[in-house]
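A closer look at the structure
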Amino acid sequence: MINRTRKYAVGAVAFLTTAVLFWVPFYFVIINSLKNKSESSELNMNWPSSFHLIENYREVLTASQNMLIRAFWNSALLTVLSVLILILVSAMAGFVLQRRAGGRGTATINFLILAGLMIPPAIVPTIWVLDALSLFKTLLGITLIEVALHFSFCVILYQSFVATLPREIDESAFIDGSGGLRLFFTIIFPLLKPVTSTIIILESISVFNDFVNPLYFFPGGDNVTVQLTLYNFMSMFTTSWNLLFANILLISIPPLILFLFFNKRIVEGMTSGALKG
Amino acid sequence: MTKFSARRYSFAFLIPGGIIYFIFYLLPTVLSLFFSMTRWTLTDWEYIGFQNYVTFFSETALSIGFRNTFVYAVVTCALKVILGLLLATFLTSNIVLKSYLRSIIFFPTLLSTIAVGIAFSMMMHPSQGIINTSLAAIGITGPDWLGNTKIALLSVALVDVWKGVGIATVIYIAGIMAISKEYYEALKIDGGGSWASFRHLTMPLSRPAMNSVIILAFIGGLRSFDLIWAMTKGGPGYTTDLVASIIYKQYQAGFYGLATAGNVILFILVSVLAFPLYRYLNKNEVQL
């Protein structure tokens, strides 16, 4: 009985703590995105005297010739393209590297891939390379950058998952006469589905939320991505906190949706990936 | 594995990803060693030896980033390692609302760092911000979180922990769940309480998870850029500048050689600190 009371008391304290630490900031952003300009500039959590939901959100979406809408389009395209390429190339690489583990050359390759998890990318030389290939400030350029910079993490995830698939599968496919490509695409790739879906979720969020790489490698007004809208809008909105908060909320919606639907999967993916990586 | 069967798995599978990885990551990294020794305009360069490095370390505005980055990485890493372990222990114990609590702690990691940074810098406003107005309500005069040169870096570090402790917690939870329940039962039979089981079972047996957390958090801290940029832009003055934000400032100012030298310094910092740490932790893991 005492034990049970204690259990609920601890739960209540924990709930209150999360309310202060997590719900208050969230509430602060939401409520201020609904105020008018002068009330939001007080930065408090008071109830607004009047609500400006449609007005504020319309204004933030249409500001600077629909910059935010364009940014959503760019970010969506960048996310989908990067994740698709990433899955294809890292699944292939992870598969072969796991199957040839211990063989000649694989140790060096694994070391180079592990380095990608640790060593920060060299920025200006990367711009120089992009420029030399005429890919600087292009969507393809930034997509390939995202692929290159997330490649290591995904290869390592695939490698550890492939280790759980028995080699007998490959052998029987070889006996049936399929070559490497057919074996991979018709048999192995579908079996990698659990880790593929983890990567889809984790990498979509990480590419969508990426601020640094678009800042360096995808500059220019038309090229803006959602994370940069906050930044580009900052000077303009210094006195319009309501619009800035509306912008913050809008760009948080896609990750929020993914979180609501795939919460469990994300956590599973995080743990399996991080522990083995 | 026989040679024949290994050869069936063609290295050609590595080519598509390998080319992208090589051109857009490995090649620039190698090139940075050369370009960091030049005065560089992207179209033209002049070799100047170690001049950029000398500049980097002789100007306070630049070298402070070196110290700050180290402090920032150590503080955020230590807090994530400790808080993550405590939270995970709590969240694997017998409590109500377990799945709600687990989700809510993980949630901030999915938010945009820039958005979090901006929202917190509003809340940390010295006179109007909700943190200080709440503190004032209970009679405490809060500091100027981001304007005080002594604590600005720590304020940003705390927000970093708020945002990132969820990953640490989740990794620990996985580590703790993998510990056999029988150990805990045996300890209970021997009369050990909850402190004993934390001290003698959870702590030592979650070591692999702890190692992952240390490495992830430490490297993340060394490379950190967006949060500091959203909250202080390196200010007040340059007291919160990290190597990564200095690289950006030098890049913006057109000092490409100097920015690249900053990159190489960061690269060396990671290699000198994180690689040995990684090896040391892995070695200890084997001994366990």
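Residues numbered from 1 in each chain as written. Chains lettered and ligands numbered in written order. Predicted model: local features only at pLDDT ≥ 70, side-chain atom pairs only at ≥ 80, totals over all residues. Heavy atoms only, no water.

Where an unreviewed UniProt entry is consulted, chain B appears under the name Sugar ABC transporter permease, with the organism given as Paenibacillus spongiae.

As recorded in an unreviewed UniProt entry, chain A goes by the name Carbohydrate ABC transporter permease, listed as coming from Paenibacillus spongiae. As stated in UniProt under Sequence similarities (unreviewed entry), the record for chain A gives "Belongs to the binding-protein-dependent transport system permease family." UniProt, in its Subcellular location (unreviewed entry) section for chain A, records the words "Cell membrane". (UniProt positions renumbered as here; feature names shortened; annotations may be inferred.)

Here we come to the overall build of chain A. Along the backbone of chain A there are 12 helices and zero strands. Reading the helices (α) and strands (β) of chain A from amino to carboxyl end gives α-α-α-α-α-α-α-α-α-α-α-α. The C-alpha atoms of chain A give 24 Å as radius of gyration, which overshoots the globular expectation for 277 residues (19 Å, by more than 25%). Projecting the C-alpha coordinates of chain A onto the three principal axes gives extents of approximately 75 × 70 × 30 Å. Across the 277 residues that make up chain A, the buried fraction comes to 53%. The long-range share in chain A, meaning contacts at least 24 apart out of those at least 6 apart in sequence, stands at 72%. Total accessible area on chain A is roughly 12400 Å²; 68% of this is exposed by carbon and sulfur atoms. (Helix = DSSP H or I, 4+ residues; strand = E, 2+ residues; numbered from the N terminus. Rg over C-alpha atoms; globule rule 2.2 N^0.38 Å. Buried < 20%, exposed > 50% of the residue type's maximum accessible area, 1.4 Å probe, protein only. Contact = heavy atoms within 4.5 Å. Areas by Shrake-Rupley, 256 points an atom, 1.4 Å probe, with all protein chains shown as cover.)

Let's shift gears to the nonpolar core. Counting 163 residues, the largest nonpolar core has Phe 95 and Leu 192 of chain A as the members making the most contacts within it. Ranked by residue count, the leading element in this core is helix 3 (residues 53-99) of chain A, at 17 residues. In this structure, Leu 192 of chain A is in contact with Ala 91, Tyr 158, Phe 161, Val 162, Leu 165 and Phe 184 of chain A, ignoring residues within four places of it in sequence. With nine residues, the next largest nonpolar core counts Met 37, Tyr 53, Ile 246 and Ala 261 of chain B among its residues. (Core = buried A, V, L, I, M, F, W, Y, C linked by side-chain atoms within 4.5 Å.)

What follows is about the packing of aromatic side chains. A complete count under the given rule lists 40 aromatic pairs over all chains for this structure. Between Phe 184 of chain A and Phe 13 of chain B the ring centres are 5.4 Å apart and the planes differ by 85°, which places this aromatic pair in the edge-to-face class. Highlighted residues: Phe 184 of chain A in helix 8 (residues 180-191) and Phe 13 of chain B in the loop between helix 1 (3-8) and helix 2 (15-35), drawn from two different chains. Across the pair, Phe 13 of chain B and Phe 184 of chain A agree in class, each one buried. Aromatic pair Tyr 248 of chain B and Tyr 251 of chain B: ring centres 6.2 Å apart, planes at 35°, arrangement tilted. Taken together, the residues Tyr 248 of chain B and Tyr 251 of chain B, both in helix 13 (residues 243-252) and three residues apart, mark about one turn of the helix. Given the relative accessible area of 15%, Tyr 251 of chain B is considered buried. The ring centre of Phe 11 of chain B lies 4.0 Å from the NZ or CZ of Arg 100 of chain A, which sits over that ring. (Phe/Tyr/Trp six-rings, centres within 6.5 Å; stacked < 30°, edge-to-face > 60°. Lys NZ or Arg CZ within 6 Å of the ring centre and 35° of its normal.)

In this section: the UniProt feature "transmembrane region" (unreviewed entry) in chain B. Residues and elements named next belong to chain B. The feature "transmembrane region" (unreviewed entry), as annotated in UniProt, sits at residues 12-35, 70-92, 104-124, 151-179, 209-231 and 251-278 in this numbering. With 96% helix and 0% strand, residues 70-92 has its two end C-alpha atoms placed 32 Å apart. End C-alpha atoms of residues 151-179 are separated by 39 Å, and the span's content is 90% helix alongside 0% strand.

Residues and elements named next belong to chain A. Here helix 3 crosses helix 9 (residues 193-208) at 145°, and the two axes come no closer than 9 Å. Seen along the crossing, helix 3 lies across helix 9 with a hand that is right-handed. Seen from helix 3, the contacting residues are Phe 72, Ser 75, Leu 78, Thr 79, Ser 82, Val 83, Leu 86 and Ile 87; seen from helix 9, they are Thr 196, Ile 199, Ile 200, Glu 203, Ser 204, Val 207 and Phe 208. Split by residue class, the contact of helix 3 with helix 9 holds nine nonpolar, five polar and one charged. (Axes fitted to C-alpha atoms, helices over the stretch in contact; angles between N-to-C directions. Left-handed = near helix turned anticlockwise from the far one by under 90°. Nonpolar A, V, L, I, M, F, W, Y, C, P; charged D, E, K, R; others polar.)

Turning our eyes to something else, we now look at the environment of Phe 198 of chain B. In this structure, Phe 198 of chain B sits in helix 10 (residues 194-205). Sequence-distant contacts of Phe 198 of chain B, defined by excluding residues within four places in its chain, comprise Leu 85, Leu 86, Thr 89, Met 203 and Pro 204 of chain B.

Looking at chain A as a whole, its pLDDT mean stands at 88, while 94% of the residues score no less than 70. Looking across chain A, the model is least confident in helix 12 (residues 241-276) of chain A, with a mean pLDDT of 78, and most confident in helix 5 (residues 123-132) of chain A, with 96. (pLDDT = per-residue confidence, 0-100.)

With that settled, consider empty space enclosed by the protein. Considering all chains together, one arrives at three cavities of 30 Å³ or more under this definition. Here the largest cavity defines a volume of roughly 50 Å³. Surrounding the largest cavity, Phe 95, Val 96, Phe 174, Gly 180 and Leu 183 of chain A together with Arg 8, Tyr 9, Ser 10 and Phe 13 of chain B form its lining. Taken together, the elements giving at least two residues each to the lining of the largest cavity come down to helix 3 and helix 8 of chain A. Grouping the amino acids of the lining of the largest cavity by side-chain chemistry returns six nonpolar, two polar and one charged. The volume enclosed by the second largest cavity comes to roughly 40 Å³. Lining the second largest cavity are Tyr 231 and Met 234 of chain A together with Ile 114, Ile 118, Trp 229, Ala 230 and Lys 233 of chain B. Of all the secondary-structure elements, those providing two or more residues to the lining of the second largest cavity are helix 11 (226-237) of chain A together with helix 6 (113-123) and helix 12 (226-231) of chain B. (1 Å grid on protein atoms, 1.4 Å probe; cavity = no way out; pocket = protein on both sides within 12 Å on 5 of 7 lines; lining within 4 Å. Points joined across faces, edges and corners; volume = space filled by probe spheres on them.)

This part covers helix 8 (residues 152-177) of chain B. Residues and elements named next belong to chain B. Between its first and last C-alpha, helix 8 extends 37 Å over 26 residues, near the 38 Å set by a 1.5 Å rise per residue. Approximately 45° is the largest bend angle found in helix 8, and it occurs at Gly 164. Most of helix 8 sits inside the fold, with 22 of its 26 residues counted as buried. (Expected span 1.5 Å × (residues − 1). Bend = angle between axes of the 7 residues up to and from the residue.)

Here the focus is the UniProt feature "domain: ABC transmembrane type-1" (unreviewed entry) in chain B. Summarizing the sequence annotation, UniProt attributes the feature "domain: ABC transmembrane type-1" (unreviewed entry) to residues 66-277 of chain B in the numbering used throughout. Summarising residues 66-277 of chain B: 74% helix, 0% strand, and an end-to-end C-alpha distance of 19 Å.

All names here are of chain A. Summarizing the sequence annotation, UniProt attributes the feature "transmembrane region" (unreviewed entry) to residues 12-31, 71-97, 109-130, 136-158, 179-202 and 241-262 in the numbering used throughout. Across residues 12-31, helical content stands at 100% and strand content at 0%; the span's end C-alpha atoms are separated by 25 Å. As annotated, residues 109-130 has a helix share of 82% and a strand share of 0%, and its two end C-alpha atoms lie 24 Å apart.

This brings us to the side chain of Asp 160 of chain B. Residues and elements named next belong to chain B. Examined against the element boundaries, Asp 160 turns out to sit in helix 8. When its relative accessible area of 12% is taken as the criterion, Asp 160 is described as buried. Within the structure, the side chain of Asp 160 is placed 3.0 Å from the side chain of Lys 80, a separation counted as a polar contact. In contact with Asp 160, other than residues within four places in its own chain, are Tyr 72, Thr 76, Lys 80, Ser 224 and Leu 227. (Polar contact = N/O pair within 3.5 Å; in protein donor to acceptor, adjacent residues only side chain to side chain.)

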